[in-house]
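What the coordinates show
Each chain is listed here by its residues.
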Number of protein chains: 2
Amino acid sequence: MSVLITGVAGFVGTNLAQALLDKGLRVCGVDNLSRGTLQNMAALLKNPRFEFRQLEITEPGALLNACEHFAAHEAITECWHLAANSDIPAGVAEAAVDLKDTFMTTYVTLEVLKQLGIRKLAFASSSAIYGDHGSKALEEDLGPLLPISNYGAMKLASEAALSAAAETFLTNLWIFRFPNVIGVPATHGVMIDFVRKLKQTPNLLQVLGDGTQQKGYLHVEELIDAMLYIHRHATERRAIYNIGPADAGVTVQFIAEETVRVAQPTASIQYGEGNRGWVGDVPRFVYSIDKLKQLGWSPKLGSVQAVQKAIRQIVAQEQPA
Amino acid sequence: MSVLITGVAGFVGTNLAQALLDKGLRVCGVDNLSRGTLQNMAALLKNPRFEFRQLEITEPGALLNACEHFAAHEAITECWHLAANSDIPAGVAEAAVDLKDTFMTTYVTLEVLKQLGIRKLAFASSSAIYGDHGSKALEEDLGPLLPISNYGAMKLASEAALSAAAETFLTNLWIFRFPNVIGVPATHGVMIDFVRKLKQTPNLLQVLGDGTQQKGYLHVEELIDAMLYIHRHATERRAIYNIGPADAGVTVQFIAEETVRVAQPTASIQYGEGNRGWVGDVPRFVYSIDKLKQLGWSPKLGSVQAVQKAIRQIVAQEQPA
């Protein structure tokens, strides 16, 4: 069986590709390499069951051509659609970024799947589709959905387009609403920011905000495990699941202190003001994974252990070879 | 005060424009006249406080140019965004229709408002954003939102983009989730279809489906009244309200019989099979307007009276002058 992964060179994409290869599948991947890299895929590219094409999904015909090329070898039966802008502030500054990279990638992918008769799609959605609901637990049946970033808006727009497609040509749709995911190969996020800042100024870590912002974190290895679990066990035609840690998370202060401890134990930490990192960032949320637990999956690591593991991995990643 | 209405030449647009003119406002309207007509606007065009420009919102610069022209006279402070594809089956057949006419119109309108510093937006959303929830009452806080038509999907995508804009530059956002709305000037829908079919074949009305499909209907005069009421009284930054009749609605059979009674009392009625009119049509839903009632507004007409009134008006509209 051959599967297509869009955004395969990214943080989640490379981990997912490896997991699907490990299951014995053939994996065909596309990526525009705007944030993902060939280096991320070094191990994948050595695998004879992995094929890669660099392309812009939104360029007319690009994805269709690649898929026809992939399918010449063996038909593609399923798509894991991960391609998206992953720089939320960039999308807040300019709506066109998420329109193209987060929504139009979904729209074009759907059109190509329809044309090629690929009827199964798994999609990387986000907790950002909910918006800011304060202390209310974010469950899958919560409404109204009021995203506060263009990233969240275009993820929700993607969910909507996929839902309509599940009425016409898609037979199976899995929507995974991702939490904050950490691990390697890290491309962005607070941990790699801290590690890199400490390389620039080894004595001082300057933190955006007052450090009280609290979030739950899931390690990417557990995320992939949950995605494959839902894919195997969910029975709804449109299966929508939050994936996340089971706890209320850790503060930015904890991450700063842990990063300093591992990377530069002598550095001091300086905090800014306010507890919202940027416009479009939900400062604190309670993410419910009760539905996923009922399906039979729970994370093994809490946010604390996930953060500690990821920091060690990211510090190693950023060390000169 | 000057307000902008997109889709002003359509069924709801013309009624809204008249209501806002009646309140003493200056109304600037745009429409591509794909479905709306100059004839619909005959009375409006005689009003010195009404200005109209025909344009495609999605053509680069078209809406911005028109708004700069309108604003030269008096600044625009608010936009009522109604422009959208209104042919649901067309959008199911080809996703590009709703992408362009239902979603990209919203995206471009937002970009223009941002550029011109217009910070208030009222939006015509739809019950179609909910999808098919069977007998569960559709309340504003219901989730997950699983539209089954591209029209519903692109209305939800529009809501999402507007919600994100309310985090950056919009100070006020009103989202009205429309029910089935009837009245004149009718441009599409089951009643005008029946009236026109009876003109073609005065002895026989052929009905798509078995006639058991049941829906609630609101008269456009009440819809406009509710929109203005919510606009005046809602206090949330993102005010989302279902607007609809307070009852479970009437069947297609009732509409067919009423249309025959008014238009061609001697005609017989022939039904088809199945109770879903077309792909993407939600066959039956329970629409909750409890939130709107709590705000203090209730419809005066039930679905039965709204249908009877609209049929009389549509039969009159379709009579040769």
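So, here's what we can say about the structure.

What counts as what
- Residues numbered from 1 in each chain as written.
- Chains lettered and ligands numbered in written order.
- Predicted model: local features only at pLDDT ≥ 70, side-chain atom pairs only at ≥ 80, totals over all residues.
- Helix = DSSP H or I, 4+ residues; strand = E, 2+ residues; numbered from the N terminus.
- Rg over C-alpha atoms; globule rule 2.2 N^0.38 Å.
- Buried ≥ 20, exposed ≤ 12 C-beta atoms within 10 Å, placed from the backbone.
- Least-squares fit on C-alpha atoms with pLDDT ≥ 70 in both.
- Contact = placed C-beta atoms within 7 Å.
- Axes fitted to C-alpha atoms, helices over the stretch in contact; angles between N-to-C directions.
- Parallel < 35°, antiparallel > 145°, perpendicular 65-115°, else oblique.
- Left-handed = near helix turned anticlockwise from the far one by under 90°.

1. Here's the deal with the overall build of chain A
- A count of helical and extended segments in chain A gives 11 helices and 15 strands.
- Taken against the 2.2 N^0.38 rule, which gives 20 Å for 321 residues, the C-alpha radius of gyration of chain A at 19 Å falls within 12% of a compact globule.
- By principal-axis analysis of the C-alpha atoms, chain A measures approximately 55 × 45 × 40 Å.
- Counting over 321 residues, chain A shows a buried share of 50%.

2. As for the relation of the copies chain B and chain A
- Least-squares fitting of chain B to chain A yields an RMSD of 0.0 Å, with the superposition described by an axial translation of 0.0 Å and a rotation of 180°. Taken together, these values place the two copies in the relation of a two-fold axis. Among all residues of chain B, the one whose C-alpha sits closest to the rotation axis is alanine 157 of chain B, at a distance of 2.0 Å.
- When you check the interface residues of chain B against chain A, 100% turn up at the interface there too, and the contact is symmetric in its surfaces.

3. Describing unusual backbone geometry
Residues and elements named next belong to chain A.
- Cis geometry is adopted by the peptide bond preceding proline 144, which originates at glycine 143 and carries an omega value of -10°.
- With respect to the helices and strands, proline 144 occurs in the loop between strand E6 (137-138) and helix H6 (150-168).
- At the junction of valine 184 and proline 185, the peptide bond is cis and its omega measures out at 0° in the coordinates.
- When you line up the elements, proline 185 lands in the loop between strand E8 (180-182) and helix H7 (190-200).
- You will see that leucine 33, though not glycine, has its phi angle at about 55°, which is positive.
- Mapped onto the elements of the fold, leucine 33 is located in the loop between strand E2 (26-31) and helix H2 (42-45).

4. As for the packing of helix H5 (residues 95-116) of chain A against H6 of chain A
Residues and elements named next belong to chain A.
- Contact pair H5 / H6: the axes reach a minimum separation of 9 Å and the direction vectors enclose 15°. When the axis of H5 is compared with that of H6, the two are roughly parallel. Viewed along their axes, H5 and H6 form a crossing whose handedness is right-handed. In this structure, H5 contributes Ala95, Asp98, Leu99, Thr102, Phe103, Thr106, Tyr107 and Leu110 to the contact, and H6 contributes Asn150, Tyr151, Ala153, Met154, Lys155, Ala157, Ser158, Ala161, Leu162 and Ala165.

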